[in-house]
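# Breakdown of the fold
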Amino acid sequence: MTPRLSVTACTVTTRPVGLRLPFRYGVVTLREAQEAQVSVRIRTQDGKEAAGHAAELLAPKWFDKSPELSNEDNVQQLLRAVDLAKASYLDETSYLSAFGLHATYDAEHVERCATEGLNSLVAGFGNALLDKAILSALCNLLDTSFFDVIGSNAIELQSTTAPDMDGFDFTSFLAGLTPSTSILARHTVGLVDAIFESDVDPQTGVNDGLPESLEAAIKAWGLRAFKIKVSGDKDKDIDQLVRIASLLDTISDPYLCTLDGNEQYRDADAFGELYRAMANDTRLNRLIRSIAVFEQPIARIQAMSLPLGEIGEALPIEIDESDNGINAFVEARAVGYRGVSSKSCKGVYRALINRARVVKWNAQEGAERYFLSAEDLSTQPGLAVQQDLSLVALLGCSHVERNGHFYGDGATGLPTAHQQSLKDDLPSLYCRSKGKLHLDINQGSVDLRSLHGRTAYGWQPVAVLPIVVDGMGFA
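What comes next is a walk through the structure. (Residues numbered from 1 in each chain as written. Predicted model: local features only at pLDDT ≥ 70, side-chain atom pairs only at ≥ 80, totals over all residues. Heavy atoms only, no water.)

## So, the pattern of salt bridges
How we decide: Any Lys or Arg side-chain nitrogen located within 4 Å of an Asp or Glu carboxyl oxygen qualifies as a salt bridge. Segments assigned H or I by DSSP are reported as helices when at least four residues long, segments assigned E as strands when at least two residues long, and all are numbered from the N terminus. Accessibility here uses a 1.4 Å probe with only protein chains present; expressed as a share of the type maximum, an area under 20% marks a residue as buried, one over 50% as exposed, and anything in between as partly exposed.
All told, the structure shown has 31 salt bridges when counted by the stated rule. Two residues, Asp208 and Lys436, come together in a salt bridge whose shortest N-O distance is 3.2 Å. Here Asp208 is found in the loop between strand 4 (182-189) and helix 6 (214-221), whereas its partner Lys436 is found in strand 13 (residues 436-439), with 228 residues between them in sequence. The pair formed by Asp208 and Lys436 is uniform in burial state, with each residue classed as buried. One salt bridge in this structure joins Asp388 and Arg402, with 2.7 Å as the shortest N-O distance. Taken together, the residues Asp388 in helix 14 (residues 383-395) and Arg402 in the loop between strand 11 (399-401) and helix 15 (404-408) connect sequence positions 14 residues apart. Overall, the relative accessible area of 2% leaves Arg402 in the buried class. Where salt bridges share partners, they join Arg186, Lys227, Lys229, Asp260, Glu295, Glu375 and Glu401 into one cluster.

## Details of the environment of Leu142
Short version of the rule: Contact definition: two residues touch when any of their heavy atoms are within 4.5 Å.
Structurally, the position occupied by Leu142 is in helix 3 (residues 120-142). Using a relative accessible area of 37% as the deciding quantity, one classes Leu142 as partly exposed. Considering only alpha carbons, one finds Leu142 and Ser182, 40 residues apart in sequence, at a separation of 25 Å. Leu142 has contacts with Pro3, Val149 and Ala154, leaving out every residue within four places of it along the chain.

## A short note on helix 16 (residues 416-425)
Convention followed: The directions from the helix axis to the C-beta atoms are what the arc is built from.
If you check which residues of helix 16 are buried, you get His418, Gln419, Ser421 and Leu422. What you see down the axis of helix 16 is that its buried residues fit within an arc of 160°, all on one side. Those residues of helix 16 that are exposed and angled more than 90 degrees off the buried face are Thr416 and Ala417. Where the residues of helix 16 are buried, they touch helix 14, strand 12 (430-433) and strand 13.

## Things to note about the packing of aromatic side chains
Which entries qualify depends on this criterion: Here is the rule: rings of Phe, Tyr and Trp (six-membered ring for Trp) pair when centre to centre is within 6.5 Å. Planes less than 30 degrees apart are stacked, more than 60 are edge-to-face, and the remainder are tilted.
In the structure shown here, the tally under the stated rule is 17 aromatic pairs. With centroids separated by 4.3 Å and ring planes inclined at 15°, the aromatic side chains of Phe146 and Tyr457 adopt a geometry described as stacked. Here Phe146, found in helix 4 (residues 146-151), pairs with Tyr457, found in the loop between strand 14 (445-447) and strand 15 (467-469); they are 311 residues apart in sequence, far enough to count as distant. Pair check on accessibility: Phe146 and Tyr457 agree, each one buried. Residues Phe329 and Trp361 carry aromatic rings whose centres are separated by 4.8 Å and whose planes lie at 55° to one another, so their mutual orientation is tilted. One end of the pair, Phe329, is in helix 12 (residues 328-334); the other, Trp361, is in helix 13 (residues 348-365), with 32 residues separating them in the sequence. The same class applies to Phe329 and to Trp361, which are both buried.

## A word on empty space enclosed by the protein
We count it as follows: Cavity means a closed set of points on a 1 Å grid over the protein atoms alone, one where a 1.4 Å probe fits but cannot get out, pocket means an open set with protein on both sides within 12 Å along at least 5 of 7 lines, and lining means a residue has an atom within 4 Å of a point. Grid points are joined across faces, edges and corners, and a volume is the space filled by probe spheres set on the points.
This structure, assessed with the given rule, holds 4 cavities of 30 Å³ or more. When its volume is computed, the largest cavity comes out at roughly 340 Å³. Lining the largest cavity are 24 residues; nearest its centre among them are Tyr25, Ala59, Asp376, Leu377 and Ser378. Of all the secondary-structure elements, those providing two or more residues to the lining of the largest cavity are strand 1 (5-25), strand 3 (49-57), strand 5 (225-229) and helix 15.

## Focus on the pairing of strand 3
Filter applied, for reference: A pair of strands is considered paired only if DSSP assigns at least 2 bridges between the two.
Across the 9 residues that make up strand 3, a large majority, 8, are buried. Note that strand 2 (residues 28-44) and strand 3 share 9 bridges and pair antiparallel. Each bridged residue has a counterpart across the sheet, and for Glu35 the counterpart in strand 3 is Leu57. In sequence, strand 2 turns back onto strand 3 through a hairpin of 4 residues, with Gly47 there showing a positive phi of about 90°.

## Some details on the sheet that holds strand 1
Our working definition: Between N-to-C directions, angles cover 0 to 180 degrees, with each direction set by a line fitted to C-alpha atoms, over the stretch in contact for helices.
Within the open sheet, the 3 strands sit side by side as 1-2-3. Their pairing is antiparallel. A single partner strand is all that each edge strand has here, and the edge strands are strand 1 and strand 3. Averaged over neighbouring strand pairs, the angle between their axes works out to 15° when direction is ignored. Sitting on the sheet, helix 14 touches strand 2 and strand 3, and the angle it makes with strand 3 is about 95°.

In structure tokens form, the structure reads like this:
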């Protein structure tokens, strides 16, 4: 039986996240950030109640890259989208399924955000964060795992928001998903990262005993999967790729790469020039053979209006920033893209529907042409990591971009009791290293068995603040 619920309370707080290393992506070099934390209470038709929680980093210059906006402007945009989603969900007095609540307000929320100058990617962040918190509460209400909640379709996922999937059997599809027990951690290499140990200045380095270079990270964690950022400057990109390849090629086992353009190329021809330059440089032969995905090379303003042509036929290219709504993957497929990224900050339901599209389209073509990748560097230890890893494990992804702890200093900043609770409740997921709590990466993989417990997604932070509504609070 599908629970019908309403949201009776919600609070949004933020916490600072200090970075131990600067990270450059696209046009920004991030040195500090904030994480949004949402707590909700739900009530079912029969009067049962439960609390749930979610967290996401408020990453500037990704959702909206307008040069007129400061990093703080971007943070306020995201918080405003959360506030608007919160208002809609609290105003709904009917009892709906978890997905039914999302579907009721998805399009309306995007339109309302647009009237305030918030693009649809920003808008989606608001709904995505609220939906995760509601799913967390549903896990607690039913006293079961995220995998069981989704596998039984207790959310009542339908084609309501995706008419192209009318007639698709979502209940059978979800029941057939088998969550992974481990996943390869794909280590992002930023544009200003130290590649070799010799690149680290001992006078200005962190000097905390943890890896500060790609070389040290490979040695410490046995990495075998990597995500490499490129800048849009072909010659500089080739030089950087050659340096990285000279290190990766020393790995005796096969390694896997993805190449992230972060919208830095103007069109398919410009990106094609980079690829041809790579293909013509023998120093990059092994790296090219190891590339599984090319991620969003073309600026979103024209990525969906210009067909990829021959380069799209030749390479597995996906959208990421252009994935700004439930129908974006459909539109991208029409101009030659084969894949789309999964990110919790873009929505659990969107990821599940896109995974269903991959199944449907590949069956129609009789080939494994379309795919879903697992991205998101920004997830920090705690709820953000746990909830996103739960999603990608269920989606069947074999590797995931997952080294936010490398830049974000592990769980530093969370209360001591909070950190200890994480370690005690999720022993396969976290470890202590140099006195800090980190995601545990061993031989390049993350052990996901702790996520199969009943409380991983609905996990209750010990330091969560009371939710206050009209002066009445609850813990």
